[in-house]
Amino acid sequence: MNASDTLVTRSAVELRRMIGSKEISPVELLEACIARIEAVNPYINAITATCYERAREEARAAEAAVMRGEALGLLHGLPLGVKDLEATAGLLTTYGSPLYRGNVPAEDNVLVARLRQAGAVVVGKTNIPEMGAGANSRNVVWGATGNPFNPNLNAGGSSGGSAAALATDMLPVCTGSDTGGSLRIPASKCGVVGFRPSPGVVPSSRKLLGWTPISVVGPMGRTVTDACLQLAASAGMSAGDPLTYPLDPLSFLTPQAVDLGTLRVAYTEDFGACAVDDDIRRTFRDKIAAMKHLFRSCDAIDIDLGDVHRCFDVLRAESFVAGMHEAYQRDPSSLGPNTRANYEMGAAMSLVDSAWGQAEQTRILARFQQLYRDYDVILSPTTPVSPFPWTMLYADTINGEKQQNYYRWLALTYIVTLTTHPAISLPCGVDHAGMPFGLQVVGGFRQDHRTLGIAQAMEQAFSTSPALRRPLPDLGALKMAEPALTSIVTAPPILDGDGVSVGDASAV
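Worth saying up front: this structure is predicted, and the values here are computed from it rather than measured. Chains are numbered independently. Their residues run from 1 in the order of the written sequence. Totals for whole chains, interfaces and linings use all residues, but because this is a predicted model, local features are given only for residues with pLDDT of at least 70 and pairs of side-chain atoms are given and counted only at 80 or more. Each side-chain value is derived from all of the structure's non-hydrogen atoms; neither hydrogens nor water enter the calculation.

1. Notes on the UniProt feature "domain: Amidase" (unreviewed entry) in the protein chain
At step 1: UniProt positions are given in the numbering used here, feature names are shortened, and annotations may be inferred rather than shown by experiment. Here the UniProt feature "domain: Amidase" (unreviewed entry) sits at residues 28-452.
At step 2: Along residues 28-452 the backbone is 35% helical and 17% strand, and the end-to-end C-alpha distance reaches 31 Å. Per the convention used, a helix needs a DSSP run of H or I reaching at least four residues, while a strand needs a run of E reaching at least two, with both numbered from the N terminus.

Now the structure itself:
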């Protein structure tokens, strides 16, 4: 292993410290990341459009600022991957849709602007499902993202490219977002950390329904402290998201100290409502048995939260109707199967359905609070199945039970979304198939700081256990996926050498 290979495996927190102390140069780090991307990305297809030359200019400027002794931002000199749902100035932003093959925004959105202001160097975009719909990061613009532990399997979604890039050490910082589990699910499947904060902690300026609490932006990282570093650089009030409020972003930088021995822990395999594979249930029970001695108490619980599935159906469909109406009216066939299904579901609903959905979410929140009278945190599996082939659009059957739609298999995470509680997926060893297993840790209402502190304490405790610690992919054993991960691309965007669109590939 050469020096650059060793460098990229270091945590974002450690790399930022090394830049500040002049132990490494931002230029050196960027080149090491580019070399890793060029070596590994062909196997997993996590990084899409890139802007290497601009990144090199920014890295040189970051190096000069260090040498001049200037004040440095939290992410100064750290290479950054941006989920392809977030607008990036001068860099192709396709949303994974043929409708946006040539879309090069003039401005960064609020999230990207904040991360740049904190000193991050944007290197490229990370892959997603079309319009972020679903938990299999594949689309006809860029192809599919393969799992770092087996490229023939899926990496989750919708932040699948970010999770895979982090897991393979291609980049130390990557962004994510979450409606039904889009941060937590790919983190689980790739063996990294994905934190869904409470609504309003990080501004999501691209939401058309600005007042909805189900869609949030949040951090990913290889460790909890890496996720906290990004959170500290991105949190805070913005008029672009009316749910944001005044807070101290730097308060997230260091997780609260938590004594696991004081925690009253509850766990559930299925929240009383989710289809979960029998092997995943057994894996989860084994994980609980291996960790329960860490806590003051650790109890199995029964839960009845109400009609969670219909509630999520309604609230999710509302967002897709708002975002997809114009495109659907112009040409329904321009939308992929997942996006179109969501739109058509919502278009068939009435104001009565909408009012019921809003009221039921309020009732779900009230029911969920009852559990926190007796417990500090609730644990569950993050996903109900081991990673499946990326050629399958979604898990349509679980334990022989046909799933009602393409996202029903995400219920373990979307139920938590409905509660608006902060939640984190924590790497927790491997499952029965030898693939990463994610533990979903659900904190108390608006207790983001404490949830992160609990997660960090668990991560530290897990690190000494072969059954619980974070698994690492064997990059030396990677083989090309069969079929190729780009096999579903119909007509890629025309790019110049720096990843900037120079034409509309749909016209080719």
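Don't stop here, the text continues.
2. Quick look at empty space enclosed by the protein
At step 1: Cavities and pockets were defined on a 1 Å grid built over protein atoms only: a cavity is a set of grid points that admits a 1.4 Å probe from which the probe cannot escape, a pocket is an open set flanked by protein on both sides within 12 Å along at least five of seven lines, and lining residues are those with an atom within 4 Å of any such point. Grid points are joined across faces, edges and corners, and a volume is the space filled by probe spheres set on the points. For the structure shown, the criterion picks out two cavities of 30 Å³ or more.
At step 2: Computed from the structure, the largest cavity encloses a volume of approximately 50 Å³.
At step 3: In terms of residue class, the lining of the largest cavity is made up of six nonpolar, five polar and two charged.
At step 4: Its volume calculated, the second largest cavity comes out at about 40 Å³.
At step 5: Looking at the second largest cavity, the residues that line it are Ser188, Ile280, Thr382, Thr383, Val385, Ser386, Pro387, Asp431, Pro436, Phe437 and Gly438.
At step 6: Per element, the largest residue contribution to the lining of the second largest cavity is three residues, and it comes from strand 17 (residues 436-442). Polar here means any residue other than Ala, Val, Leu, Ile, Met, Phe, Trp, Tyr, Cys and Pro, which are nonpolar, and Asp, Glu, Lys and Arg, which are charged; Gly is therefore polar.

3. Here we look at the environment of Ala257
At step 1: Structurally, Ala257 can be placed in the loop between helix 8 (224-234) and strand 11 (264-267).
At step 2: Its relative accessible area of 82% is what places Ala257 among the exposed residues.
At step 3: Ala257 sits 72 residues away from Gln329 along the chain, and the two C-alpha atoms are 53 Å apart. The cut-offs for exposure are 20% and 50% of the maximum accessible area for each residue type, with area from a 1.4 Å probe on protein chains only; residues under the lower value are buried, those over the upper are exposed, and the others partly exposed.

4. Looking at unusual backbone geometry
At step 1: The peptide bond linking Gly157 to Ser158 adopts the cis configuration, its omega dihedral lying at 10 degrees.
At step 2: Considering the arrangement of structural elements, one finds Ser158 in the loop between strand 7 (150-154) and helix 6 (160-167).
At step 3: Each neighbour pair has its own omega, and for Glu482 with Pro483 the value is 0 degrees, a cis peptide bond.
At step 4: Within the secondary structure, Pro483 is located in the loop between helix 14 (448-462) and strand 18 (494-495).
At step 5: Positive phi outside glycine occurs at Asn45, with the angle close to 55 degrees.
At step 6: Note that Asn45 resides in the loop between helix 3 (26-44) and strand 1 (47-50).
At step 7: Here Tyr95, not a glycine, exhibits a phi torsion of approximately 55 degrees, which is positive.
At step 8: Residue position: Tyr95 is located in the loop between strand 2 (79-83) and helix 5 (110-117).

5. Re the packing of aromatic side chains
At step 1: Two aromatic rings, drawn from Phe, Tyr or Trp (for Trp, its six-membered ring), form a pair once their centres lie within 6.5 Å of each other, and the interplanar angle then sorts them: stacked below 30 degrees, edge-to-face above 60, tilted otherwise. Summed over the entire model, instances satisfying the criterion amount to nine aromatic pairs.
At step 2: With centroids separated by 4.2 Å and ring planes inclined at 25 degrees, the aromatic side chains of Tyr328 and Tyr343 adopt a geometry described as stacked. Separated by 15 residues along the polypeptide, Tyr328 in helix 10 (residues 308-330) and Tyr343 in helix 11 (residues 337-347) bring together distant segments of the chain. Pair check on accessibility: Tyr328 and Tyr343 agree, each one buried.
At step 3: Note on Tyr406 and Tyr407: the rings are 5.2 Å apart at their centroids and 85 degrees apart in plane angle, and the pair reads as edge-to-face. Just as Tyr406 is buried, Tyr407 falls in that class too.
At step 4: Here the aromatic residues Phe312, Tyr406, Tyr407 and Tyr414 are joined through ring pairs into a cluster of three or more.
At step 5: Its guanidinium or amino end placed over the ring of Trp356, Arg310 lies 3.9 Å from that ring's centre, counting from NZ or CZ.
At step 6: We call a charge positioned above a ring when the Lys NZ or Arg CZ atom is no farther than 6 Å from the ring centre and deviates by at most 35 degrees from the ring normal. If you follow Arg316 out to its NZ or CZ, it ends over the ring of Tyr407, 4.8 Å from the centre.

6. With respect to the pairing of strand 11
At step 1: Inspection of the sheet shows strand 11 paired to strand 12 (residues 297-300) by four bridges, in the parallel sense. Following the sheet pairing, Tyr267 is matched in strand 12 by Ala300.
At step 2: Orienting the strands away from the viewer, one traces the path from the first strand over the helix to the second; a clockwise path indicates a right-handed crossover. In this fold, strand 11 hands off to helix 9 (residues 278-291), which returns the chain to strand 12; that crossover is right-handed. Here, any two strands with at least 2 DSSP bridges between them count as paired.

7. Topic: the side chain of Asp376
At step 1: Here Asp376 is to be found in the loop between helix 12 (351-371) and strand 13 (377-381).
At step 2: A residue is classified by how much of its surface remains accessible, and Asp376, at 18% relative accessible area, is buried.
At step 3: Pairing of N or O atoms within 3.5 Å defines a polar contact, subject to two protein rules: one partner must be a possible hydrogen donor and the other a possible acceptor, and residues neighboring in sequence count only if both atoms are side-chain atoms. Of the polar contacts made by the side chain of Asp376, one reaches the backbone nitrogen of Arg264; its length is 2.7 Å.

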